[in-house]
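If you want the building blocks of each chain, they are given just below.
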Amino acid sequence: TADPLITEIQPWAQSFGDGVDATPYGLPIEFESDVIRRNVPWLTADATSSINFTPIHALDGTITPQGCAFERHHSGAIELAKPDYRLMINGLVDTPLVFTYEDLERFPRETHVYFCECAANTGMEWAGAQLNGAQFTHGMIHNMEYSGVPLRLLLEEAGLDAAGDLADKWVYVEGADASSNGRSIPMEKALDDVLVAFKANGEALRKEHGYPVRLVVPGWEGNMWVKWLRRIEVTPMAVQSREETSKYTDTLADGTSRKWTWVMDAKSVITSPSPQSPITHGPGPLVITGLAWSGHGATTRVDVSKDGGKTWETARLAAPGADKALTRFYLDTEWDGEEMLLQSRAMDETGYVQPTKTQLREVRGLNSIYHNNCIQTWWVKPGGEAENVEVS
Amino acid sequence: EGGKLGLGRPALPEEVAAWNVDVLPDGTGLPVGSGSVEDGEMLFSDNCAACHGEFAEGVDNWPELAGGEDTLADADPVKTVGSYWPYLSTTWDYVHRSMPYGNAQSLTTDDVYAIVAYILYSNYLVEDDFVLTNENFLDIEMPNADGFIVDDRAETEYPMWRTEPCMEDCKDSVEITMRATVLDVTPEEEGSTEEVTEAAVTQDTSEPEEVVEEVAVIDPALVEAGEKVFRKCAACHEIGEGARNKSGPQLNGVVGRVMGSVEDFKYSKGFVAAHDQGRTWDEVSITEYLAKPRDFMKGTKMAFAGLKKEADMAAILAYLQAASE
């Protein structure tokens, strides 16, 4: 029978839609209202010290829209206006300096795309398959185009002669919120690719991501990307703040803990099909897609398995992998309607191959919390539904 | 070497002093001061116990600060200041800069020494007559000081995993060994269109005239001052639209409300009895309670020392009424 959506004149084809300025700053259309950040309330005591998750199962491409990019706060997202913004550089520098927001805009600027992944992403899965959705297992990540000033330029403006030998010096960075979240960064990284950023995806940072200024520490764990950045101190040693001792350290099976595990190793996940994005169209052409990334550089290859890791085929990258940024991969395939155990496996430019959960557990045990970059398995059932599982 | 651009201005010594308060592991940055376990016990009870428990054992999902010795290799390690934290400087720095939660930097230097002394005591690391000072600070030995190694993934992991991956016949068999739906801890999807519509409808039915009239009675400046005072309460109490119970009950309409009447909140025995007697919160009872919670209600779970200033009291009353609207 003929489709009335085609044979009958629809209201939207007859009269007007909204005029310009109906929404001076637009939000997604109402039909997309399920594409939102989500929280797992039992994880934390209170929303002001908590995390939510990017809806990666519902996105495509690589750039994360700011409005659905995951949030992590330690004392809530504060409102700090540009005129009230001050950035101090002190410690082992020639001249301690204070910058206003306008000062920062006068330094030579760079623009780069980087992923920001919380060290705890996938951390709830150490002991077993737990959360049923790519958003919850892998959604503590976002990928944006940042514009800002290289931290190196600000340090050079204050002068580093007073620091002497830079090889053993550190840069302590601190936020303006009540948690004053602070982290120590080795000088070598600080002078390399760290950005003091004030724009993301072309527009001002959102309040929840540190407006007006945050730190971008490419390839390194998200906790170091200090938001509402207010102070940069050159120190003779790591400060050993709460966030780099009691948290963000990885406890091994024998009870000793790794510290300074800053780099996020190569990782990938299939975003669709996945538990929140089941196959609804039945057998036939199927697009399997997902994201891959590495804190060591560019993703060079992603393999996909449909049988839980027995056999693998190499997926197509939407674009050549970029340095410390998300890469989108596709496997254009035919689905026979039978069950699949879907996995993806990333490789980066250092030749590192994303390990299985078993391999990680053999080295680290079950208590690491952080830095779980294991291969993820989705069990796609004959009806097209998918579930988070572990396989032998 | 980039040339200098002459941007920014020199930071004044008092500006650096105001912000540069971090304390390094070797004690650099530690101010002169002292505090006893005895004083710390009281301060901890007033400022910290609502979340961390009277004995630093932790309430709900808030961090426990004491105990957990010899558990780091167990199935569920208990990571506390005593069992895990390698440097005492971290505790002092964090309490000083970031605590109490929601009222950061409100403690004096000596208060911080006392609270840290009490946390040490609650971990059996010092005796009950101990006084912590900047002089004896570095003498404290943290049990897990040697429990950390620098990231060794480059030696222990990368050589293993930088190999050509298998593509065919990589396993003999594959079995599902665990399923997420068996645990069933994934939150239900929220944000559906129905919910959004419902919220919009609720908003539309409010009556603007009434709201305006009510707010006009209360002094806006006083309400604003009260909002600041309320920060002392906000770690445990919510008020306003959508307010929920936290470690304390939600406070909507608390002025005029029957005591112990918030649904799903587990009250202390005293408030259960007050509820059964039909006692209500009015300005007098709220003032008495907030002045000295434990005198007003024996056994109250509210770990709050009390509001000292009359001005704060008036402000908080105004805010409680205004914010309930």
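The model shown is predicted, which means the values in this text are computed figures rather than measured ones. Sequence order as written defines residue numbering, which begins from 1 separately in each chain. Key to labels: chains lettered from A, ligands numbered from 1, both in the order written. Thresholds applied to this predicted model are a pLDDT of at least 70 for local features of residues and 80 or more for the giving and counting of side-chain atom pairs; totals over whole chains, interfaces and linings are not thresholded and use all residues. Based on all heavy atoms of the structure, the side-chain values leave hydrogens and waters out of the count.

**Brief notes about the environment of Leu43(B)**
All names here are of chain B.
Logical step 1: A run of H or I in DSSP becomes a helix once it reaches four residues, and a run of E becomes a strand once it reaches two; helices and strands are each numbered from the N terminus. Secondary-structure assignment places Leu43 in helix α2 (residues 37-47).
Logical step 2: When its relative accessible area of 19% is taken as the criterion, Leu43 is described as buried.
Logical step 3: Sequence spacing of Leu43 and Asp110 is 67 residues, and the spatial spacing of their C-alpha atoms is 11 Å.
Logical step 4: The residues touching Leu43, leaving out its near neighbours within four places in the chain, are Cys48, Asp111, Ala114 and Ile115. Three exposure classes are used, based on accessible area relative to the maximum for each residue type with a 1.4 Å probe and protein chains only: buried under 20%, partly exposed in between, and exposed over 50%. Contact definition: two residues touch when any of their heavy atoms are within 4.5 Å.

**Comments concerning the packing of aromatic side chains**
Logical step 1: Side-chain rings of Phe, Tyr and Trp (the six-membered ring for Trp) are treated as a pair once their centres are within 6.5 Å; stacked means planes under 30 degrees apart, edge-to-face means over 60, and tilted covers the remaining angles. The full count for this structure, using the stated rule, is 25 aromatic pairs over all chains.
Logical step 2: An angle of 35° between the planes, with centres 5.1 Å apart, marks the rings of Trp281(B) and Tyr289(B) as tilted. Both residues of the pair, Trp281(B) and Tyr289(B), belong to the buried class.
Logical step 3: Of the aromatic side chains, those joined through ring pairs into one cluster are Phe265(B), Tyr267(B), Phe271(B), Trp281(B), Tyr289(B) and Phe296(B).
Logical step 4: When the ring centre of Trp260(A) is taken as reference, the NZ or CZ atom of Lys259(A) above it lies at 4.3 Å.
Logical step 5: In our convention, an over-ring charge means Lys NZ or Arg CZ found within 6 Å of a ring centre and within 35 degrees of that ring's normal. Its guanidinium or amino end placed over the ring of Trp312(A), Arg345(A) lies 4.0 Å from that ring's centre, counting from NZ or CZ.

**Here's the deal with the interface of chain A and chain B**
Logical step 1: Facing 108 residues of chain A, the contacting portion of chain B comprises 83 residues.
Logical step 2: Salt bridges are identified by distance alone: a Lys or Arg side-chain nitrogen within 4 Å of an Asp or Glu carboxyl oxygen. The tally of links between chain A and chain B comes to nine salt bridges.
Logical step 3: Of the charged contacts, one joins Glu164(B) and Arg301(A) as a salt bridge, the two residues approaching to 3.4 Å between their closest N and O atoms.
Logical step 4: Throughout this description, a polar contact denotes any pair of N or O atoms lying within 3.5 Å of each other; where both atoms belong to protein, one of them has to be capable of donating a hydrogen while the other can accept it, and for residues adjacent in sequence the pair is counted only when both atoms sit in side chains. Inspection of the region where chain A meets chain B yields 53 residue pairs in polar contact (both at pLDDT 80 or more).

**Topic: the sheet that holds strand β24 (residues 386-391) of chain A**
Logical step 1: Pairing is antiparallel across the open sheet formed by six strands, whose spatial order is β19(A)-β18(A)-β22(A)-β23(A)-β24(A)-β5(B). The outermost strands of the open sheet, each flanked by one partner alone, are β19 (313-314) of chain A together with β5 (176-179) of chain B. Being paired, for any two strands, means DSSP has found at least two bridges between them.

**Examining the pairing of strand β16 (residues 267-272) of chain A**
Residues and elements named next belong to chain A.
Logical step 1: With six of six residues buried, β16 lies mostly within the body of the structure.
Logical step 2: As judged from the five bridges shared by β16 and strand β17 (residues 284-293), these two strands associate in the antiparallel manner. Considered in β17, the bridge of Lys267 is made with Trp293.

**Points about the packing of helix α4 (residues 88-98) of chain B against helix α5 (residues 109-122) of chain B**
All names here are of chain B.
Logical step 1: Interaxial angle, 0 to 180 degrees, is taken between N-to-C directions of lines fitted to C-alpha atoms, where a helix line uses only the stretch in contact. Relative orientation of the contacting elements α4 and α5 amounts to 130°, with a least axis distance of 9 Å. Here α4 lies oblique to α5, going by the angle between them. The two elements α4 and α5 meet at a crossing, and its hand is right-handed. Every residue of α5 that contacts α4 at Leu88, Thr91, Trp92, Val95 and His96 is listed here: Thr109, Val112, Tyr113, Ile115, Val116, Ile119 and Leu120. Oblique is the label for any angle not under 35 degrees, not over 145, and not in the 65 to 115 range, which are roughly parallel, roughly antiparallel and roughly perpendicular in turn. Should the near helix be turned counterclockwise from the far one by less than a right angle, the crossing is left-handed, whereas a clockwise turn marks it as right-handed.

**A short note on the domain arrangement of chain B**
All names here are of chain B.
Logical step 1: Boundaries between domains were set according to an automatic or database domain assignment. For chain B, the domain assignment lists domain 1 (16-139) and domain 2 (210-323).
Logical step 2: Using only C-alpha atoms to locate each centre, domain 1 and domain 2 end up separated by 29 Å.
Logical step 3: Across the contact, ten residues belong to domain 1 and nine residues belong to domain 2.
Logical step 4: A simple way to read buried area is as the amount of 1.4 Å-probe accessible surface that goes missing from two parts once joined, with both sides added. Taken together, both faces of the contact between domain 1 and domain 2 bury some 750 Å²; the carbon and sulfur share is 51%.
Logical step 5: Of all residues in domain 1, Asp46, Ala50 and Asn103 bury the most surface against domain 2, accounting for 48% of the area lost on that side.
Logical step 6: Counting the contacts that link domain 1 with domain 2 gives zero salt bridges.
Logical step 7: Where domain 1 touches domain 2, the interface holds zero residue pairs in polar contact (both at pLDDT 80 or more).
Logical step 8: Its residues placed into classes, the side of domain 1 that touches domain 2 shows four nonpolar, three polar and three charged. For this classification, the nonpolar set comprises Ala, Val, Leu, Ile, Met, Phe, Trp, Tyr, Cys and Pro, the charged set comprises Asp, Glu, Lys and Arg, and every other residue, Gly included, is treated as polar.

**Here's the deal with the environment of Lys269(B)**
Logical step 1: Within the secondary structure, Lys269(B) is located in helix α12 (residues 269-276).
Logical step 2: Measuring from C-alpha to C-alpha, the distance between Lys269(B) and Met297(B) comes to 9.6 Å, with 28 residues separating the pair along the chain.

**Quick look at the pattern of salt bridges**
Logical step 1: For the structure shown, the criterion picks out 37 salt bridges over all chains.
Logical step 2: Ionic pairing is found between Arg37(A) and Glu71(A), a salt bridge with its closest N-O pair at 3.3 Å. You can see Arg37(A) sitting in the loop between α1 (4-7) and β1 (38-39) and its partner Glu71(A) sitting in the loop between β2 (50-53) and β3 (72-73), a full 34 residues away along the chain. A single burial state applies to Arg37(A) and to Glu71(A), both of which are buried.
Logical step 3: Residue Arg153(B) is joined to Asp151(B) by a salt bridge in which the shortest nitrogen-to-oxygen separation is 2.9 Å.
Logical step 4: For Asp151(B), a relative accessible area of 22% puts it in the partly exposed group.
Logical step 5: Residues joined by salt bridges that share partners form a network here, namely Glu174(A), Arg230(A), Arg231(A), Glu233(A), Asp22(B), Asp93(B) and Arg97(B).

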